[in-house]
Amino acid sequence: MDSKQIVSKALAAGYVVPAFNIPHLPMLQPIAQAVADENSVGMIQVARLEWEKFEAESLEKVAEEYEKYKKPGHTLLHLDHVPVIDEDHLQVDYMAILRRAVAAGYQSLMVDASRLSLAGNIEATRQAAELAHEAGIPIEAELGAVMGHETSQQSIPYEEIFAKKMGFTQVNEAVRFVEESGCDWLSVAVGSVHGAIADNLLDKKKPAAKLDIERIAQLEAALGIPLVLHGGSGIEQEYIAKGIKAGIAKINVGTELRQPYEKAIREGAGVAAAQERVYNRCRELIRDFLCTAGDADILTK
Ligand code: 13P
Ligand code: ZN
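Residues numbered from 1 in each chain as written. Chains lettered and ligands numbered in written order. Predicted model: local features only at pLDDT ≥ 70, side-chain atom pairs only at ≥ 80, totals over all residues. Heavy atoms only, no water.

Trainee: Whenever I open this one, the overall build of the protein chain confuses me. Can you help?
Mentor: The number of helices and strands found in the protein chain is 13 helices and 8 strands. On C-alpha atoms alone, the protein chain measures out to a radius of gyration of 17 Å, which is about the 19 Å that the 2.2 N^0.38 rule sets for 301 residues. Considering the protein chain as a whole, with its 301 residues, one finds that 56% of them fall into the buried category. Partitioning the intrachain contacts of the protein chain with sequence separation of at least 6 by distance along the chain shows that 75% fall at a separation of at least 24. Accessible surface for the protein chain amounts to roughly 12,100 Å². Of this, 50% is attributable to carbon and sulfur atoms. Side-chain charges of the protein chain comprise 31 positive and 44 negative groups, with the mean position of each set lying 3 Å from the other. (Helix = DSSP H or I, 4+ residues; strand = E, 2+ residues; numbered from the N terminus. Rg over C-alpha atoms; globule rule 2.2 N^0.38 Å. Buried < 20%, exposed > 50% of the residue type's maximum accessible area, 1.4 Å probe, protein only. Contact = heavy atoms within 4.5 Å. Areas by Shrake-Rupley, 256 points an atom, 1.4 Å probe, with all protein chains shown as cover. Lys, Arg positive; Asp, Glu negative; His and termini not counted. Charge placed at Lys NZ, Arg CZ, Asp CG, Glu CD.)

Okay, structure coming up:
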């Protein structure tokens with residue numbers, strides 16, 4: 001399975017490839033199983049903050065777990081957010097992490113230099129793209145500010161952020177960014193927010209986010225490459241459906257599956273019961289939220 005081809009096919013066919021996050025290693029098996037049981041295609045992904053601040057341990061550990069439970073014809077392994085400057089504003093040796101991911105067998109990578117200036121983001125992404133392309137795999141980058149991971153913000157009400165399109169990806173900047181950086185997929189800021197990772201917000205319901213469908217369509221028309229939506233949990237389904245039609249071809253989902261897993265563990269239900277809740281929720285998401293059940297027949301043929 002070639003990740004680049006599959007995401008391009010999803011874009012052309014009006015489908016989306018979901019990418020599910022693994023903040024706790026036992027979540028991987030039920031997610032892979034759910035994707036296969038819905039005859040769908042999905043990515044298993046881990047972000048640096050999930051091995052730094054949650055219990056994913058390391059990108060290598062996730063790759064090992066993936067080898068055990070992957071479903072050929074249904075699952076792909078992706079490396080999510082490798083920040084150049086992280087959520088605590090610290091500099092990260094991102095190239096070293098990307099090299100480790102290539103060695104561990106990841107099939108696509110993300111570099112997130114969105115906290116840098118436009119020129120800084122282009123330069124960091126260009127280097128990362130070179131590394132990925134030498135390894136024969138695609139790279140995702142981010143332009144604009146998909147908020148939520150930072151622990152210190154959220155003082156501005158969501159409605160104001162959306163109305164003023166604060167931090168949204170600009171079309172003219174995106175055209176320059178993709179041309180000069182050589183990224184394959186672009187994560188865009190169009191209204192979604194990341195599930196919060198601050199301790200006091202971990203188990204709270206995400207505020208319902210909206211999507212600027214017109215901006216997605218403008219970006220897609222100008223760029224012609226697959227767009228990626230981060231912060232996929234908790235968006236109204238109607239927006240998801242329209243966003244996919246407008247050019248979203250990969251969608252990241254974390255909080256929707258992390259919360260039921262952590263709740264079950266907190267209640268003392270045990271790992272097996274927590275895995276079952278993840279499995280059931282993941283199947284529901286594929287069927288009713290992403291509407292991608294059965295798409296393996298289209299995307300992998
Ligand atoms: P949510 O946790 O809000 O679904 O966001 C996931 C994400 O964007 C991971 O990169
Ligand atoms: Zn994200």
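The structure having been displayed, the exposition proceeds.
Trainee: Would you mind showing me how to read the site of ligand 1 here?
Mentor: Around ligand 1, the surrounding shell holds 15 residues, and the nearest of these are Asp80, Lys206, Gly231, Ser233 and Thr255. Contact between ligand 1 and Gly254: an oxygen atom at 2.8 Å from a main-chain N or O atom of the residue. Residue composition of the shell around ligand 1, grouped by class: 2 nonpolar, 11 polar and 2 charged. (Near = heavy atom within 4 Å. Polar contact = N/O pair within 3.5 Å; in protein donor to acceptor, adjacent residues only side chain to side chain. Nonpolar A, V, L, I, M, F, W, Y, C, P; charged D, E, K, R; others polar.)

Trainee: It is not clear to me how the sheet that holds strand S4 (residues 108-111) should be interpreted in this structure. Could you clarify?
Mentor: Spatially, 8 strands are ordered S1-S2-S3-S4-S5-S6-S7-S8 in a closed barrel, and the strand pairing comes out parallel. For this sheet the average axis-to-axis angle between neighbouring strands, irrespective of direction, equals 30°. Pairing of S4 with strand S5 (residues 139-143) involves 3 bridges; the strand directions are parallel. Bridge assignment links Val111 to a residue of S5, and that residue is Ala141. Packed onto the sheet, helix H8 (residues 171-181) meets S5 and strand S6 (185-188) and runs at close to 150° relative to S5. (Pairing = 2+ DSSP bridges. Axes fitted to C-alpha atoms, helices over the stretch in contact; angles between N-to-C directions.)

Trainee: I would appreciate a short explanation of the coordination of the zinc ion (ligand 2) in the present structure.
Mentor: Ideal geometry at a metal centre gives angles of 109.5 degrees when four donors are arranged tetrahedrally and 90 or 180 degrees when six donors are arranged octahedrally. Every protein donor of the zinc ion (ligand 2) is listed here as His81 (NE2), His194 (NE2) and His230 (ND1), and their distances to the metal cover 2.1 Å. In the primary structure, the donors to the zinc ion (ligand 2) are separated according to the pattern H-x112-H-x35-H. Highlighted residues: His194 in the loop between S6 and helix H9 (213-223) and His230 in the loop between strand S7 (227-229) and helix H10 (237-246), separated in sequence by 36 residues. (Donors = N, O, S within 2.8 Å, 3.2 Å for Na, K, Ca; no water.)

Trainee: So what exactly am I meant to see when it comes to the packing of helix H6 (residues 118-134) against H8 here?
Mentor: Between H6 and H8, the least distance of the axes is 8 Å, while the angle of their chain directions is 35°. In the crossing of H6 with H8, the sense of the turn from one axis to the other is right-handed. Contacts between H6 and H8 involve Leu118, Asn121, Ile122, Thr125, Arg126 and Ala129 from the former and Glu173, Arg176, Phe177, Glu180 and Ser181 from the latter. Its residues assigned to classes, the contact of H6 with H8 comprises 4 nonpolar, 3 polar and 4 charged. (Left-handed = near helix turned anticlockwise from the far one by under 90°.)

By themselves, these observations are geometric and do not establish any function.
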